[in-house]
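So you can see what is in the structure, the chains are spelled out below.
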Amino acid sequence: MKKTNSEKGSISVFVIVAFIFCMTILMRIYWSSSNYQVTVLQAQEQIMDIYGEDVKNMNEIYENLGGNGSGGIITPTPTPTSPPVTYPDTVPIKTAVHLDKIGSGEVIEIDGVAYSFEKGKEYVLQNDISYSGNYEKIGNMIKNSEIRWSRTKSSNSC
C-alpha cells in the first residue's frame, strides 16, 4: 500500500509541474502580443503627432502614393483649380518593368520624379537590363516613329 501512495504523489508533482510549464508559455505569448500592440499604438501616435493625419485611412493613403506593389506606378488626381500636370520629355529606363511600360501612357515615379510613359517621348536606357519581354512592340514603336530611343554611354546594348 505504501508503494501506491508514493506513486500518487509523484504523479501529482508531475501534473503540477506540467501545468506550471504550460501556464508560463501561455503567459509569455500573451505578454509578447500585448507588448506588440502597445508598440503599434505608440508608433501610430508618433505618426499622428508628426504628420497630423488620422492613421485610420493609412492603407488608402499608402495605395494612393503607389505603395500597392505596382513598382511605383502613381495616378495623379489634379484638382479643378490646379494647372495641368506636365512630365519631362525624356524618360529614363532603368528596369525591365520600365521597358514593359513604354507607350502605355502610365505615370511612374523614378528617383522621385513622375514620368509619363506615353508615345512621343524619348526613352533613354540607363542600365544594361536582362529583358525577356516583347522586343517587337518596342521595335515597332521605334520603326513607326511613335517613340525615340537612345542609350547612355554606360549602356553597351539594348
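Scope of this entry: the structure provided in the associated data block. (Residues numbered from 1 in each chain as written. Predicted model: local features only at pLDDT ≥ 70, side-chain atom pairs only at ≥ 80, totals over all residues. Heavy atoms only, no water.)

Side note on the packing of aromatic side chains
Now for step 1: What the rule picks out here adds up to one aromatic pair.
Now for step 2: Both rings, one in Phe 117 and one in Tyr 123, keep their centres 5.9 Å apart while their planes meet at 45°; by these two values the pair is tilted. Neither residue differs from the other here; Phe 117 and Tyr 123 are each classed as buried. (Phe/Tyr/Trp six-rings, centres within 6.5 Å; stacked < 30°, edge-to-face > 60°. Buried < 20%, exposed > 50% of the residue type's maximum accessible area, 1.4 Å probe, protein only.)

A closer look at the nonpolar core
Now for step 1: With 14 residues, the main nonpolar core has Ile 93, Ile 102, Phe 117 and Tyr 123 as its most contacted residues.
Now for step 2: Contributing elements (two or more residues each) for this core: strand 1 (90–93), strand 2 (107–110), strand 4 (122–125) and helix 4 (135–143). (Core = buried A, V, L, I, M, F, W, Y, C linked by side-chain atoms within 4.5 Å. Helix = DSSP H or I, 4+ residues; strand = E, 2+ residues; numbered from the N terminus.)

Observations concerning the side chain of Lys 101
Now for step 1: Here Lys 101 shows up in helix 3 (residues 96–101).
Now for step 2: Polar side-chain contacts of Lys 101 include one of 3.4 Å to the side chain of Glu 106. (Polar contact = N/O pair within 3.5 Å; in protein donor to acceptor, adjacent residues only side chain to side chain.)

In short, the description is geometric, and any link to function would need to be established separately.
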